[in-house]
Amino acid sequence: SPSLGAVLVLALVLLGLCAPCVASRQPNFIVILADDVGWGDLGANWAETKDTPHLDQLAAEGTRFVDFHSAASTCSPSRASLLTGRLGVRNGVTHNFAISSLGGLPLNETTLAEVLREAGYTTGAIGKWHLGHHGRHHPNSRGFDYYFGIPYSHDMGCTDSPGYNLPPCPACPRRGTAARVARKGCYTEVALPLLENVTIVQQPVELGSLAARYAEEAARFIQQASDRGRPFFLYLALAHMHVPLSPPLPPAPGRGIYGATLSEMDALVGRIKEVADSHGKGSTLLWFTGDNGPWAQKCELAGRLGPFVGAWQRQRGGSSAKQTTWEGGHRVPALVYWPGRVPAKRTSHALLSVLDIFPTLVALAGAALPPNRRFDGLDVSPVLFGWSDVGHKVLLHPNSGAAGKVGEIEALRLAQYKAFYTTGGAVACDGSTGPAEQHQPPLIFNLDRDLQEQEPLDVASREYQAVLPAISRAYAQALQDIAADNVSIADYSQDPAAIPCCNVRHVGCRCHGAHGATPDPHVGKKPPRLCL
(Lines give C-alpha, C1' and ligand atoms only; values in the text may rest on other atoms or scores of the structure.)
Protein backbone atom coordinates (compact mmCIF):
# COMPACT_ATOMS: atom_id res chain seq x y z
CA SER A 1 0.00 0.00 0.00
CA PRO A 2 1.25 3.51 -0.71
CA SER A 3 2.94 5.36 2.14
CA LEU A 4 1.20 8.27 3.91
CA GLY A 5 3.83 10.62 2.47
CA ALA A 6 3.09 9.53 -1.10
CA VAL A 7 -0.65 10.04 -0.52
CA LEU A 8 -0.02 13.54 0.84
CA VAL A 9 2.20 14.42 -2.12
CA LEU A 10 -0.48 13.16 -4.53
CA ALA A 11 -3.16 15.16 -2.68
CA LEU A 12 -1.07 18.32 -2.87
CA VAL A 13 -0.44 17.81 -6.59
CA LEU A 14 -4.19 17.35 -7.20
CA LEU A 15 -4.96 20.45 -5.13
CA GLY A 16 -2.36 22.36 -7.12
CA LEU A 17 -3.97 21.25 -10.37
CA CYS A 18 -7.46 22.18 -9.18
CA ALA A 19 -6.66 25.52 -7.56
CA PRO A 20 -6.29 27.40 -10.86
CA CYS A 21 -9.55 25.82 -12.08
CA VAL A 22 -11.40 27.29 -9.11
CA ALA A 23 -9.64 30.65 -9.30
CA SER A 24 -10.18 31.04 -13.04
CA ARG A 25 -13.84 29.96 -13.10
CA GLN A 26 -15.62 32.56 -15.18
CA PRO A 27 -18.29 34.48 -13.26
CA ASN A 28 -21.87 34.73 -14.47
CA PHE A 29 -23.08 38.20 -15.42
CA ILE A 30 -26.55 39.73 -15.11
CA VAL A 31 -26.98 43.29 -16.37
CA ILE A 32 -30.39 44.76 -15.50
CA LEU A 33 -31.18 47.95 -17.40
CA ALA A 34 -34.19 49.95 -16.20
CA ASP A 35 -35.86 52.35 -18.64
CA ASP A 36 -36.36 56.09 -17.94
CA VAL A 37 -35.57 55.54 -14.24
CA GLY A 38 -34.61 58.55 -12.13
CA TRP A 39 -31.56 58.78 -9.88
CA GLY A 40 -33.98 59.58 -7.07
CA ASP A 41 -36.20 56.53 -7.77
CA LEU A 42 -34.08 54.41 -5.41
CA GLY A 43 -34.63 54.77 -1.69
CA ALA A 44 -30.90 54.13 -1.22
CA ASN A 45 -30.25 57.34 -3.20
CA TRP A 46 -33.17 59.50 -2.10
CA ALA A 47 -34.87 59.12 1.26
CA GLU A 48 -38.24 60.34 -0.06
CA THR A 49 -38.55 57.12 -2.12
CA LYS A 50 -40.22 54.28 -0.18
CA ASP A 51 -41.00 51.86 -3.04
CA THR A 52 -37.68 50.02 -3.52
CA PRO A 53 -36.90 47.73 -0.54
CA HIS A 54 -35.28 45.03 -2.73
CA LEU A 55 -33.06 47.51 -4.58
CA ASP A 56 -32.16 49.14 -1.28
CA GLN A 57 -31.20 45.71 0.06
CA LEU A 58 -29.12 45.14 -3.08
CA ALA A 59 -27.33 48.43 -2.34
CA ALA A 60 -26.73 47.33 1.28
CA GLU A 61 -25.27 44.00 0.15
CA GLY A 62 -23.21 45.51 -2.67
CA THR A 63 -21.72 48.80 -3.81
CA ARG A 64 -23.74 51.87 -4.79
CA PHE A 65 -22.30 54.22 -7.41
CA VAL A 66 -23.59 57.76 -7.03
CA ASP A 67 -21.71 59.44 -9.91
CA PHE A 68 -22.69 56.93 -12.61
CA HIS A 69 -23.91 57.99 -16.06
CA SER A 70 -25.70 56.63 -19.09
CA ALA A 71 -23.80 57.07 -22.35
CA ALA A 72 -26.72 58.96 -23.93
CA SER A 73 -30.05 60.34 -22.74
CA THR A 74 -32.38 58.29 -24.91
CA CYS A 75 -33.11 54.63 -25.66
CA SER A 76 -31.26 53.29 -28.73
CA PRO A 77 -27.98 55.24 -28.34
CA SER A 78 -27.69 54.35 -24.65
CA ARG A 79 -28.24 50.63 -25.35
CA ALA A 80 -25.84 50.63 -28.29
CA SER A 81 -23.15 52.11 -26.03
CA LEU A 82 -23.76 49.54 -23.29
CA LEU A 83 -23.33 46.68 -25.76
CA THR A 84 -20.28 48.15 -27.57
CA GLY A 85 -18.46 50.27 -24.96
CA ARG A 86 -18.47 53.09 -27.53
CA LEU A 87 -20.33 56.38 -27.87
CA GLY A 88 -22.85 56.89 -30.67
CA VAL A 89 -20.42 59.09 -32.61
CA ARG A 90 -18.26 55.97 -32.92
CA ASN A 91 -20.81 53.12 -33.17
CA GLY A 92 -23.20 55.05 -35.44
CA VAL A 93 -26.31 54.91 -33.23
CA THR A 94 -27.14 58.56 -32.52
CA HIS A 95 -30.95 58.44 -32.21
CA ASN A 96 -33.79 55.96 -31.86
CA PHE A 97 -34.81 53.32 -34.39
CA ALA A 98 -38.42 53.07 -35.60
CA ILE A 99 -40.82 50.12 -35.87
CA SER A 100 -40.21 50.21 -39.65
CA SER A 101 -36.40 50.56 -39.46
CA LEU A 102 -34.44 48.41 -41.89
CA GLY A 103 -31.18 48.98 -40.03
CA GLY A 104 -29.91 48.89 -36.48
CA LEU A 105 -26.63 48.78 -34.58
CA PRO A 106 -24.12 48.57 -37.47
CA LEU A 107 -23.06 45.00 -38.21
CA ASN A 108 -19.34 45.83 -38.09
CA GLU A 109 -19.74 46.75 -34.40
CA THR A 110 -18.94 43.86 -32.02
CA THR A 111 -21.36 43.39 -29.13
CA LEU A 112 -20.58 42.34 -25.57
CA ALA A 113 -22.66 39.21 -26.17
CA GLU A 114 -20.50 38.24 -29.17
CA VAL A 115 -17.29 38.60 -27.17
CA LEU A 116 -18.65 36.63 -24.19
CA ARG A 117 -20.14 33.88 -26.35
CA GLU A 118 -16.73 33.46 -28.00
CA ALA A 119 -15.31 33.15 -24.46
CA GLY A 120 -17.65 30.23 -23.68
CA TYR A 121 -20.70 31.99 -22.27
CA THR A 122 -24.36 31.16 -22.84
CA THR A 123 -25.94 34.51 -23.72
CA GLY A 124 -29.51 35.71 -23.32
CA ALA A 125 -31.36 39.00 -23.83
CA ILE A 126 -34.76 39.49 -22.22
CA GLY A 127 -36.83 42.65 -22.62
CA LYS A 128 -36.50 45.74 -24.76
CA TRP A 129 -34.02 45.59 -27.65
CA HIS A 130 -34.40 48.80 -29.75
CA LEU A 131 -31.22 48.24 -31.78
CA GLY A 132 -32.90 47.05 -34.99
CA HIS A 133 -35.06 43.96 -35.46
CA HIS A 134 -35.01 43.42 -39.21
CA GLY A 135 -32.75 40.80 -40.77
CA ARG A 136 -29.32 40.47 -39.18
CA HIS A 137 -30.00 43.25 -36.65
CA HIS A 138 -32.14 40.92 -34.53
CA PRO A 139 -30.59 39.97 -31.13
CA ASN A 140 -30.11 36.34 -32.24
CA SER A 141 -27.74 37.68 -34.92
CA ARG A 142 -25.90 39.96 -32.49
CA GLY A 143 -24.45 37.35 -30.13
CA PHE A 144 -27.50 36.33 -28.10
CA ASP A 145 -28.32 32.61 -28.04
CA TYR A 146 -31.77 33.40 -26.68
CA TYR A 147 -34.10 36.39 -26.93
CA PHE A 148 -37.48 37.05 -25.34
CA GLY A 149 -38.98 40.50 -25.40
CA ILE A 150 -40.29 43.52 -27.28
CA PRO A 151 -38.07 44.67 -30.17
CA TYR A 152 -38.40 48.37 -29.24
CA SER A 153 -40.12 50.60 -26.63
CA HIS A 154 -43.47 49.29 -25.41
CA ASP A 155 -45.22 52.55 -26.35
CA MET A 156 -44.42 51.84 -30.03
CA GLY A 157 -47.52 49.74 -30.68
CA CYS A 158 -51.09 49.49 -29.46
CA THR A 159 -52.30 46.98 -26.86
CA ASP A 160 -55.70 45.85 -25.57
CA SER A 161 -54.91 47.28 -22.11
CA PRO A 162 -53.02 50.50 -22.88
CA GLY A 163 -52.03 51.34 -19.30
CA TYR A 164 -51.24 54.88 -18.16
CA ASN A 165 -49.69 57.43 -20.53
CA LEU A 166 -49.82 61.19 -21.13
CA PRO A 167 -51.68 61.79 -23.33
CA PRO A 168 -53.58 58.49 -22.92
CA CYS A 169 -53.48 56.20 -25.96
CA PRO A 170 -56.42 54.12 -27.24
CA ALA A 171 -56.59 50.33 -27.28
CA CYS A 172 -55.86 48.38 -30.46
CA PRO A 173 -58.60 48.36 -33.10
CA ARG A 174 -60.62 45.17 -33.50
CA ARG A 175 -62.31 43.71 -36.54
CA GLY A 176 -65.37 45.73 -37.48
CA THR A 177 -64.51 48.79 -35.36
CA ALA A 178 -64.82 52.18 -37.02
CA ALA A 179 -61.66 53.86 -38.27
CA ARG A 180 -60.19 55.92 -35.43
CA VAL A 181 -58.71 59.37 -35.47
CA ALA A 182 -54.89 59.36 -35.24
CA ARG A 183 -53.67 60.60 -31.87
CA LYS A 184 -50.33 62.37 -31.59
CA GLY A 185 -47.68 60.24 -29.91
CA CYS A 186 -49.81 57.08 -30.12
CA TYR A 187 -49.34 54.03 -32.32
CA THR A 188 -52.85 53.01 -33.28
CA GLU A 189 -52.38 50.89 -36.42
CA VAL A 190 -49.99 48.09 -35.43
CA ALA A 191 -50.16 46.00 -32.25
CA LEU A 192 -47.11 45.68 -30.01
CA PRO A 193 -45.31 42.34 -30.63
CA LEU A 194 -43.68 39.98 -28.12
CA LEU A 195 -40.91 37.81 -29.57
CA GLU A 196 -39.29 34.58 -28.52
CA ASN A 197 -36.18 34.43 -30.69
CA VAL A 198 -37.56 35.15 -34.19
CA THR A 199 -41.13 34.02 -33.46
CA ILE A 200 -43.91 36.46 -32.56
CA VAL A 201 -45.62 34.73 -29.64
CA GLN A 202 -48.10 37.47 -28.77
CA GLN A 203 -49.45 40.51 -30.66
CA PRO A 204 -50.64 42.66 -28.99
CA VAL A 205 -48.59 42.16 -25.81
CA GLU A 206 -50.46 41.79 -22.53
CA LEU A 207 -48.61 44.50 -20.59
CA GLY A 208 -50.12 43.56 -17.21
CA SER A 209 -48.37 40.17 -17.20
CA LEU A 210 -45.11 41.25 -18.87
CA ALA A 211 -43.06 41.61 -15.66
CA ALA A 212 -44.05 38.10 -14.53
CA ARG A 213 -43.16 36.65 -17.94
CA TYR A 214 -39.76 38.37 -17.94
CA ALA A 215 -39.03 36.99 -14.45
CA GLU A 216 -40.13 33.51 -15.55
CA GLU A 217 -37.99 33.56 -18.71
CA ALA A 218 -34.97 34.92 -16.81
CA ALA A 219 -35.26 32.15 -14.19
CA ARG A 220 -35.55 29.52 -16.95
CA PHE A 221 -32.51 30.91 -18.79
CA ILE A 222 -30.39 30.90 -15.60
CA GLN A 223 -31.53 27.37 -14.73
CA GLN A 224 -30.74 26.00 -18.21
CA ALA A 225 -27.30 27.65 -18.29
CA SER A 226 -26.53 26.25 -14.83
CA ASP A 227 -27.72 22.77 -15.85
CA ARG A 228 -25.27 22.89 -18.77
CA GLY A 229 -22.45 23.94 -16.44
CA ARG A 230 -21.63 26.97 -18.57
CA PRO A 231 -21.19 30.56 -17.42
CA PHE A 232 -23.98 32.85 -18.57
CA PHE A 233 -24.51 36.47 -19.54
CA LEU A 234 -28.08 37.71 -19.10
CA TYR A 235 -28.99 41.17 -20.38
CA LEU A 236 -32.38 42.04 -18.84
CA ALA A 237 -33.73 45.29 -20.31
CA LEU A 238 -36.88 46.10 -18.37
CA ALA A 239 -39.99 47.89 -19.66
CA HIS A 240 -40.10 49.72 -16.29
CA MET A 241 -40.21 52.75 -15.87
CA HIS A 242 -41.04 53.83 -19.44
CA VAL A 243 -44.65 54.77 -20.22
CA PRO A 244 -47.21 53.32 -20.55
CA LEU A 245 -47.15 52.28 -16.91
CA SER A 246 -49.13 49.12 -16.12
CA PRO A 247 -49.08 48.44 -12.37
CA PRO A 248 -50.35 44.94 -11.52
CA LEU A 249 -53.02 46.28 -9.16
CA PRO A 250 -54.71 49.69 -8.82
CA PRO A 251 -52.42 51.82 -6.63
CA ALA A 252 -53.32 52.33 -2.98
CA PRO A 253 -54.75 55.78 -2.14
CA GLY A 254 -52.04 58.44 -2.07
CA ARG A 255 -49.42 56.10 -3.50
CA GLY A 256 -49.69 56.95 -7.18
CA ILE A 257 -49.38 54.97 -10.39
CA TYR A 258 -45.64 55.62 -10.64
CA GLY A 259 -44.96 54.35 -7.12
CA ALA A 260 -46.98 51.18 -7.70
CA THR A 261 -45.09 50.48 -10.96
CA LEU A 262 -41.76 51.21 -9.29
CA SER A 263 -42.66 48.70 -6.58
CA GLU A 264 -43.34 46.06 -9.26
CA MET A 265 -39.93 46.73 -10.85
CA ASP A 266 -38.28 46.47 -7.43
CA ALA A 267 -39.91 43.09 -6.77
CA LEU A 268 -38.79 41.85 -10.20
CA VAL A 269 -35.16 42.78 -9.47
CA GLY A 270 -35.45 41.11 -6.07
CA ARG A 271 -36.69 37.93 -7.74
CA ILE A 272 -33.76 37.87 -10.20
CA LYS A 273 -31.27 38.32 -7.34
CA GLU A 274 -32.94 35.46 -5.44
CA VAL A 275 -32.72 33.15 -8.48
CA ALA A 276 -29.07 34.05 -9.09
CA ASP A 277 -28.16 33.41 -5.44
CA SER A 278 -29.93 30.05 -5.49
CA HIS A 279 -27.48 28.84 -8.16
CA GLY A 280 -24.42 29.57 -6.03
CA LYS A 281 -24.05 32.78 -4.07
CA GLY A 282 -20.94 34.59 -5.17
CA SER A 283 -20.81 33.06 -8.64
CA THR A 284 -22.79 35.86 -10.30
CA LEU A 285 -22.09 39.58 -10.72
CA LEU A 286 -25.34 41.56 -10.91
CA TRP A 287 -25.16 45.12 -12.28
CA PHE A 288 -28.30 47.28 -12.07
CA THR A 289 -28.52 50.66 -13.80
CA GLY A 290 -30.66 52.80 -16.14
CA ASP A 291 -30.62 53.83 -19.80
CA ASN A 292 -31.30 57.54 -19.10
CA GLY A 293 -33.17 59.83 -16.74
CA PRO A 294 -36.91 60.44 -16.39
CA TRP A 295 -39.09 61.57 -19.31
CA ALA A 296 -40.13 64.94 -17.85
CA GLN A 297 -42.96 65.65 -20.31
CA LYS A 298 -44.86 62.68 -18.83
CA CYS A 299 -45.36 64.74 -15.64
CA GLU A 300 -46.57 62.57 -12.71
CA LEU A 301 -45.78 59.45 -14.76
CA ALA A 302 -42.07 60.39 -14.78
CA GLY A 303 -39.46 59.48 -12.17
CA ARG A 304 -37.64 61.44 -9.50
CA LEU A 305 -34.51 63.41 -10.34
CA GLY A 306 -33.25 63.65 -6.76
CA PRO A 307 -31.11 66.78 -6.47
CA PHE A 308 -30.26 66.83 -10.21
CA VAL A 309 -32.94 69.27 -11.31
CA GLY A 310 -30.99 71.32 -13.88
CA ALA A 311 -32.18 74.56 -12.28
CA TRP A 312 -30.47 76.83 -14.84
CA GLN A 313 -32.52 75.25 -17.63
CA ARG A 314 -35.73 75.10 -15.62
CA GLN A 315 -35.56 78.84 -15.02
CA ARG A 316 -35.62 79.31 -18.82
CA GLY A 317 -38.25 76.67 -19.56
CA GLY A 318 -37.85 73.19 -21.00
CA SER A 319 -36.80 69.85 -19.59
CA SER A 320 -33.52 69.08 -17.83
CA ALA A 321 -34.02 65.30 -17.84
CA LYS A 322 -34.28 62.64 -20.60
CA GLN A 323 -32.90 63.74 -24.01
CA THR A 324 -30.76 66.47 -22.40
CA THR A 325 -27.16 66.67 -21.23
CA TRP A 326 -28.16 68.02 -17.80
CA GLU A 327 -27.37 65.63 -14.92
CA GLY A 328 -31.03 64.62 -14.72
CA GLY A 329 -30.77 63.26 -18.27
CA HIS A 330 -27.81 60.95 -17.81
CA ARG A 331 -26.96 60.50 -14.10
CA VAL A 332 -28.60 57.18 -13.31
CA PRO A 333 -28.78 54.79 -10.34
CA ALA A 334 -26.15 52.05 -10.35
CA LEU A 335 -25.65 49.09 -8.01
CA VAL A 336 -23.22 46.19 -8.30
CA TYR A 337 -23.74 43.03 -6.26
CA TRP A 338 -21.22 40.18 -6.19
CA PRO A 339 -20.95 38.53 -2.75
CA GLY A 340 -17.38 37.94 -1.69
CA ARG A 341 -15.92 40.09 -4.46
CA VAL A 342 -17.66 43.50 -4.48
CA PRO A 343 -17.69 45.13 -1.01
CA ALA A 344 -21.05 45.43 0.76
CA LYS A 345 -22.40 48.65 2.30
CA ARG A 346 -20.04 50.75 0.17
CA THR A 347 -20.77 53.99 -1.68
CA SER A 348 -18.42 54.93 -4.50
CA HIS A 349 -18.03 58.47 -5.84
CA ALA A 350 -15.93 57.39 -8.84
CA LEU A 351 -17.00 58.95 -12.15
CA LEU A 352 -18.29 55.90 -14.05
CA SER A 353 -20.47 55.18 -17.07
CA VAL A 354 -22.63 52.53 -18.71
CA LEU A 355 -19.77 52.51 -21.25
CA ASP A 356 -17.62 50.73 -18.63
CA ILE A 357 -19.82 47.63 -18.47
CA PHE A 358 -18.40 46.23 -21.75
CA PRO A 359 -14.64 46.42 -20.99
CA THR A 360 -15.13 45.46 -17.33
CA LEU A 361 -17.11 42.29 -18.01
CA VAL A 362 -14.79 41.34 -20.89
CA ALA A 363 -11.81 41.61 -18.51
CA LEU A 364 -13.54 39.65 -15.74
CA ALA A 365 -14.38 36.89 -18.25
CA GLY A 366 -10.69 36.67 -19.23
CA ALA A 367 -11.52 37.71 -22.81
CA ALA A 368 -9.93 40.34 -25.06
CA LEU A 369 -11.42 43.56 -26.41
CA PRO A 370 -12.18 43.57 -30.15
CA PRO A 371 -9.28 45.03 -32.17
CA ASN A 372 -9.11 48.00 -34.57
CA ARG A 373 -11.35 50.38 -32.67
CA ARG A 374 -11.21 52.70 -29.68
CA PHE A 375 -13.39 52.41 -26.60
CA ASP A 376 -14.92 55.12 -24.45
CA GLY A 377 -15.45 52.72 -21.54
CA LEU A 378 -12.85 51.60 -19.02
CA ASP A 379 -12.19 48.35 -17.18
CA VAL A 380 -13.34 49.57 -13.77
CA SER A 381 -12.97 46.25 -11.92
CA PRO A 382 -10.51 47.87 -9.43
CA VAL A 383 -13.32 50.30 -8.51
CA LEU A 384 -15.85 47.47 -8.22
CA PHE A 385 -13.51 45.57 -5.89
CA GLY A 386 -12.94 48.65 -3.72
CA TRP A 387 -9.23 48.87 -4.55
CA SER A 388 -9.65 52.29 -6.14
CA ASP A 389 -12.20 55.07 -6.36
CA VAL A 390 -10.86 56.64 -9.54
CA GLY A 391 -12.92 56.40 -12.72
CA HIS A 392 -12.94 58.65 -15.79
CA LYS A 393 -10.91 61.84 -15.92
CA VAL A 394 -13.16 63.04 -18.76
CA LEU A 395 -16.67 61.94 -19.68
CA LEU A 396 -18.47 63.07 -22.85
CA HIS A 397 -22.22 63.66 -23.05
CA PRO A 398 -23.86 63.57 -26.50
CA ASN A 399 -27.04 65.33 -27.57
CA SER A 400 -29.90 62.81 -27.49
CA GLY A 401 -32.74 64.73 -29.11
CA ALA A 402 -32.55 68.17 -27.49
CA ALA A 403 -31.03 71.27 -29.18
CA GLY A 404 -28.15 70.69 -31.60
CA LYS A 405 -27.25 67.82 -33.88
CA VAL A 406 -28.08 64.32 -32.58
CA GLY A 407 -25.06 62.42 -31.33
CA GLU A 408 -22.77 65.47 -31.22
CA ILE A 409 -20.81 65.99 -27.99
CA GLU A 410 -22.66 68.90 -26.36
CA ALA A 411 -21.37 68.63 -22.79
CA LEU A 412 -18.19 67.45 -21.11
CA ARG A 413 -17.30 66.44 -17.57
CA LEU A 414 -13.78 67.04 -16.27
CA ALA A 415 -13.34 66.09 -12.58
CA GLN A 416 -15.98 68.13 -10.71
CA TYR A 417 -16.53 70.52 -13.60
CA LYS A 418 -19.28 70.24 -16.23
CA ALA A 419 -19.13 72.29 -19.43
CA PHE A 420 -22.14 72.89 -21.73
CA TYR A 421 -21.76 73.92 -25.36
CA THR A 422 -25.50 73.70 -26.19
CA THR A 423 -28.65 73.86 -24.02
CA GLY A 424 -32.43 73.83 -24.47
CA GLY A 425 -34.72 72.06 -26.88
CA ALA A 426 -36.33 69.29 -24.75
CA VAL A 427 -40.02 69.36 -23.77
CA ALA A 428 -40.96 69.81 -20.10
CA CYS A 429 -44.17 68.78 -18.34
CA ASP A 430 -45.67 72.25 -18.99
CA GLY A 431 -45.02 71.91 -22.75
CA SER A 432 -42.16 74.43 -22.85
CA THR A 433 -38.92 73.54 -24.61
CA GLY A 434 -36.64 76.37 -23.59
CA PRO A 435 -34.61 78.30 -26.15
CA ALA A 436 -31.91 76.45 -28.06
CA GLU A 437 -28.66 78.20 -27.12
CA GLN A 438 -25.04 77.74 -28.20
CA HIS A 439 -22.42 78.62 -25.58
CA GLN A 440 -19.00 79.84 -26.66
CA PRO A 441 -17.24 79.99 -24.29
CA PRO A 442 -19.12 77.13 -22.57
CA LEU A 443 -21.25 77.35 -19.46
CA ILE A 444 -19.25 75.71 -16.67
CA PHE A 445 -20.71 74.42 -13.40
CA ASN A 446 -18.83 73.15 -10.35
CA LEU A 447 -20.84 70.06 -9.36
CA ASP A 448 -19.07 69.75 -6.01
CA ARG A 449 -20.86 72.94 -4.96
CA ASP A 450 -23.83 72.93 -7.33
CA LEU A 451 -25.45 69.55 -7.99
CA GLN A 452 -28.59 71.41 -9.04
CA GLU A 453 -26.68 73.05 -11.93
CA GLN A 454 -28.14 76.37 -10.94
CA GLU A 455 -25.34 78.92 -11.16
CA PRO A 456 -22.62 78.66 -13.82
CA LEU A 457 -19.20 80.03 -12.95
CA ASP A 458 -18.69 83.68 -13.78
CA VAL A 459 -16.64 83.81 -17.00
CA ALA A 460 -14.47 86.52 -15.46
CA SER A 461 -13.78 84.54 -12.27
CA ARG A 462 -10.36 83.09 -11.50
CA GLU A 463 -11.91 79.62 -11.16
CA TYR A 464 -13.44 79.77 -14.66
CA GLN A 465 -10.24 81.09 -16.22
CA ALA A 466 -8.21 78.40 -14.44
CA VAL A 467 -10.36 75.46 -15.61
CA LEU A 468 -11.33 76.60 -19.14
CA PRO A 469 -7.99 75.70 -20.82
CA ALA A 470 -8.11 72.14 -19.43
CA ILE A 471 -11.74 71.74 -20.56
CA SER A 472 -11.01 73.13 -24.04
CA ARG A 473 -7.99 70.84 -24.36
CA ALA A 474 -9.99 67.77 -23.26
CA TYR A 475 -12.80 68.64 -25.69
CA ALA A 476 -10.41 69.10 -28.63
CA GLN A 477 -8.56 65.87 -27.80
CA ALA A 478 -11.84 63.93 -27.62
CA LEU A 479 -12.97 65.19 -31.03
CA GLN A 480 -9.54 64.37 -32.53
CA ASP A 481 -9.68 60.85 -31.06
CA ILE A 482 -13.15 60.26 -32.54
CA ALA A 483 -12.09 61.62 -35.94
CA ALA A 484 -9.12 59.20 -36.01
CA ASP A 485 -11.21 56.17 -35.01
CA ASN A 486 -12.83 53.37 -36.97
CA VAL A 487 -16.31 54.94 -36.97
CA SER A 488 -19.52 53.14 -38.02
CA ILE A 489 -22.61 54.60 -39.69
CA ALA A 490 -26.06 53.24 -38.86
CA ASP A 491 -28.74 52.74 -41.52
CA TYR A 492 -31.81 54.70 -40.43
CA SER A 493 -33.86 53.99 -43.57
CA GLN A 494 -37.42 52.70 -43.13
CA ASP A 495 -39.80 50.39 -44.96
CA PRO A 496 -43.29 49.36 -43.75
CA ALA A 497 -42.34 45.77 -44.69
CA ALA A 498 -39.91 45.76 -41.74
CA ILE A 499 -42.72 46.21 -39.18
CA PRO A 500 -43.10 42.98 -37.13
CA CYS A 501 -46.52 41.61 -38.06
CA CYS A 502 -47.66 38.06 -37.35
CA ASN A 503 -50.74 38.22 -39.57
CA VAL A 504 -51.10 40.99 -42.16
CA ARG A 505 -54.72 39.93 -42.83
CA HIS A 506 -55.79 40.81 -39.29
CA VAL A 507 -56.52 44.33 -38.06
CA GLY A 508 -53.42 45.70 -36.31
CA CYS A 509 -51.51 42.48 -37.08
CA ARG A 510 -53.44 40.79 -34.30
CA CYS A 511 -52.05 37.32 -33.57
CA HIS A 512 -55.04 35.09 -32.83
CA GLY A 513 -52.96 31.94 -32.61
CA ALA A 514 -50.48 33.43 -30.15
CA HIS A 515 -50.16 32.93 -26.40
CA GLY A 516 -52.91 34.64 -24.46
CA ALA A 517 -55.01 35.48 -27.53
CA THR A 518 -58.28 34.05 -28.82
CA PRO A 519 -57.72 31.01 -31.05
CA ASP A 520 -58.72 31.52 -34.68
CA PRO A 521 -59.92 28.43 -36.56
CA HIS A 522 -58.57 29.87 -39.82
CA VAL A 523 -54.98 30.05 -38.53
CA GLY A 524 -52.86 26.88 -38.41
CA LYS A 525 -51.21 25.48 -35.25
CA LYS A 526 -47.70 26.51 -36.35
CA PRO A 527 -46.57 29.61 -34.41
CA PRO A 528 -46.31 32.80 -36.47
CA ARG A 529 -42.82 33.91 -37.43
CA LEU A 530 -41.24 37.28 -37.83
CA CYS A 531 -40.08 37.54 -41.42
CA LEU A 532 -36.31 37.95 -41.39
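You'll find the structure just up there.
Residues numbered from 1 in each chain as written. Predicted model: local features only at pLDDT ≥ 70, side-chain atom pairs only at ≥ 80, totals over all residues. Heavy atoms only, no water.

## Structural notes on the overall build of the chain
Across its full length, the chain holds twelve helices and 16 strands. Its C-alpha radius of gyration of 24 Å places the chain within 12% of the 24 Å reference for a compact globule of 532 residues. Seen along its three principal axes, the alpha-carbon backbone of the chain occupies a region of about 90 × 75 × 50 Å. Expressed as a percentage of its 532 residues, the buried residues of the chain come to 58%. For the chain, contacts bridging at least 24 residues in sequence account for 71% of all contacts bridging at least 6. (Helix = DSSP H or I, 4+ residues; strand = E, 2+ residues; numbered from the N terminus. Rg over C-alpha atoms; globule rule 2.2 N^0.38 Å. Buried < 20%, exposed > 50% of the residue type's maximum accessible area, 1.4 Å probe, protein only. Contact = heavy atoms within 4.5 Å.)

## Focus: the sheet that holds strand β4 (residues 122-127)
Spatial strand order, β7-β6-β5-β4-β8-β1-β9-β10-β2-β11: ten strands in an open sheet with mixed pairing. Two strands in the sheet have a free side with no partner beyond their single neighbour: β7 (199-202) and β11 (346-348). The average undirected angle you get between the axes of adjacent strands in this sheet is 20°. Bridging between strand β2 (residues 63-65) and β11 involves three bridges; their strand directions are parallel. Within β11, the position partnered with Phe-65 by the bridge is Ser-348. Contacting β1 (28-34), β8 (232-237), β9 (284-290) and β10 (334-337), helix α7 (residues 257-278) crosses the sheet at an angle of about 180° to β1. (Pairing = 2+ DSSP bridges. Axes fitted to C-alpha atoms, helices over the stretch in contact; angles between N-to-C directions.)

## Quick word on the sheet that holds strand β16 (residues 437-446)
With antiparallel pairing, four strands are arranged side by side in an open sheet as β13-β14-β15-β16. The sheet is open, and its two borders are formed by β13 (394-398) and β16, each paired with just one other strand. On average, each strand axis in the sheet is inclined to that of its neighbour by 20°, with strand direction left out of account.

## Structural notes on the layout of surface pockets
Computed from the structure, the largest pocket encloses a volume of approximately 650 Å³. Along the wall of the largest pocket there are 30 residues; nearest its centre are Asp-155, Trp-295, Gln-297, Lys-298 and Gln-323. As a volume, the second largest pocket reaches approximately 370 Å³. Of all elements in the fold, only β13 and α12 (462-483) reach the threshold of two or more residues within the lining of the second largest pocket. Looking at which element gives the most residues to the lining of the second largest pocket, the answer is α12, with four residues. (1 Å grid on protein atoms, 1.4 Å probe; cavity = no way out; pocket = protein on both sides within 12 Å on 5 of 7 lines; lining within 4 Å. Points joined across faces, edges and corners; volume = space filled by probe spheres on them.)

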